[in-house]
Amino acid sequence: MSYSNGQSLGDPSSPVQMPCSVVGDRPIPARAMPQVVARVGIDLDPVDVTDVDEARWLHACLAPDQPEQAARLEAETALAVTVPPSLLRGDAVEVMSEAFARVPADALPVVTTTWALSRFSLESRLRFLHRLDEAASGRAVAWVSAEGVGVAPTIPTLGDRRASGHSIIGLAVFDGRVCAPRPSGAAGRRAG
């Protein structure tokens, strides 16, 4: 990540750099990024960017007037080809335990949802939380979410309304005790 104030986080030599604007006076994380030892993606119909035709289809989904997005996707695709993720096909709630089985026992599984839970029914979102809690009976599990206001169950909304045009970044750690999810910030446009 490269922040608008000149700070950066992560590997500065990575071909993929995400620009971020700093708003407000909260400190920016400065510690090193943790090592990722396993990547497991879950989707009903995952796109395998190591397959030329599937990568071409993904590129065709970009708006033609956004060359910076095309360049970033090109860099992301090249990076994913060098270290391909493990992809699971299926309903995230149903195959989550299989994904956890692919993470080494001595590593902290971090589940990330980015604008995905809105496609789940409320019942499925609650089952998702239940699966995270079940997985935490054997080891701690972290959940990082970037979802629309009110979409991620139990993540506080910072007092914002649904359909406000931005998303809440949330963090929850499940470790067999009472889970206290917290908002970490907002993404997108947020007034005030």
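Quick caveat: nothing in here was measured; it's all calculated off a predicted structure.

Caption draft 1: Representation of the overall build of the protein within the structure. Each helix and strand in the protein was counted, giving 4 helices and 8 strands. In sequence order, the secondary structure elements of the protein are arranged as β-β-β-α-α-β-α-β-α-β-β-β. The C-alpha radius of gyration computed for the protein amounts to 18 Å, which stays within 12% of the reference 16 Å derived for 192 residues, consistent with globular compactness. Per-residue burial for the protein yields a buried fraction of 27% across its 192 residues. Long-range contacts, defined here as pairs at least 24 residues apart, represent 55% of the contacts in the protein between residues at least 6 apart. Taken as a whole, the protein presents about 12600 Å² of accessible surface, with 55% of it coming from carbon and sulfur. For the protein, the distance from the average site of its 18 positive side-chain charges to the average site of its 22 negative ones is 7 Å.

Caption draft 2: Seen up close, the sheet that holds strand β8 (residues 182–188). Pairing in this open sheet of 4 strands is mixed, and the strands run β5-β6-β7-β8 from one edge to the other. Looking along the sheet, the strands with just one partner apiece sit at the ends: β5 (110–114) and β8. Averaged over neighbouring strand pairs, the angle between their axes works out to 15 degrees when direction is ignored. In this sheet, β8 lies alongside strand β7 (residues 166–174) in antiparallel orientation, the contact comprising 6 bridges. Residue pairing for β8: I169 is matched across the bridge by G185. Lying over the sheet, helix α4 (residues 122–135) contacts β5, β6 (141–148) and β7, oriented at roughly 160 degrees with respect to β6.

Caption draft 3: Representation of the environment of I42 within the structure. For I42, the location among the structural elements is in strand β3 (residues 40–43). Given a relative accessible area of 29%, I42 falls into the partly exposed group. Through-space distance from the C-alpha of I42 to that of V144 is 15 Å; in sequence the pair is 102 residues apart. Filtering out sequence-adjacent residues up to four positions away, I42 remains in contact with L88, G90, D91, A92, V95, M96 and A99.

Caption draft 4: Just the pattern of salt bridges, in detail. Scanning the entire structure with this criterion turns up 7 salt bridges. Linking D53 and R56 is a salt bridge whose minimum nitrogen-to-oxygen distance equals 3.1 Å. With D53 and R56 both in helix α1 (residues 52–60), this residue pair falls 3 residues apart, about one helical turn. Residue D53 shares its accessibility class with R56, and that shared class is exposed. In this structure, R131 and E134 form a salt bridge, with 3.6 Å as the shortest nitrogen-oxygen distance. Of this pair, R131 and E134 both sit in helix α4, 3 residues apart, which is roughly one turn of that helix. Through salt bridges with shared partners, one network takes in E94, R127, R131 and E134.

Cut-offs used in this document
- Residues numbered from 1 in each chain as written.
- Predicted model: local features only at pLDDT ≥ 70, side-chain atom pairs only at ≥ 80, totals over all residues.
- Heavy atoms only, no water.
- Helix = DSSP H or I, 4+ residues; strand = E, 2+ residues; numbered from the N terminus.
- Rg over C-alpha atoms; globule rule 2.2 N^0.38 Å.
- Buried < 20%, exposed > 50% of the residue type's maximum accessible area, 1.4 Å probe, protein only.
- Contact = heavy atoms within 4.5 Å.
- Areas by Shrake-Rupley, 256 points an atom, 1.4 Å probe, with all protein chains shown as cover.
- Lys, Arg positive; Asp, Glu negative; His and termini not counted.
- Charge placed at Lys NZ, Arg CZ, Asp CG, Glu CD.
- Pairing = 2+ DSSP bridges.
- Axes fitted to C-alpha atoms, helices over the stretch in contact; angles between N-to-C directions.
- Salt bridge = Lys/Arg side-chain N within 4 Å of Asp/Glu carboxyl O.

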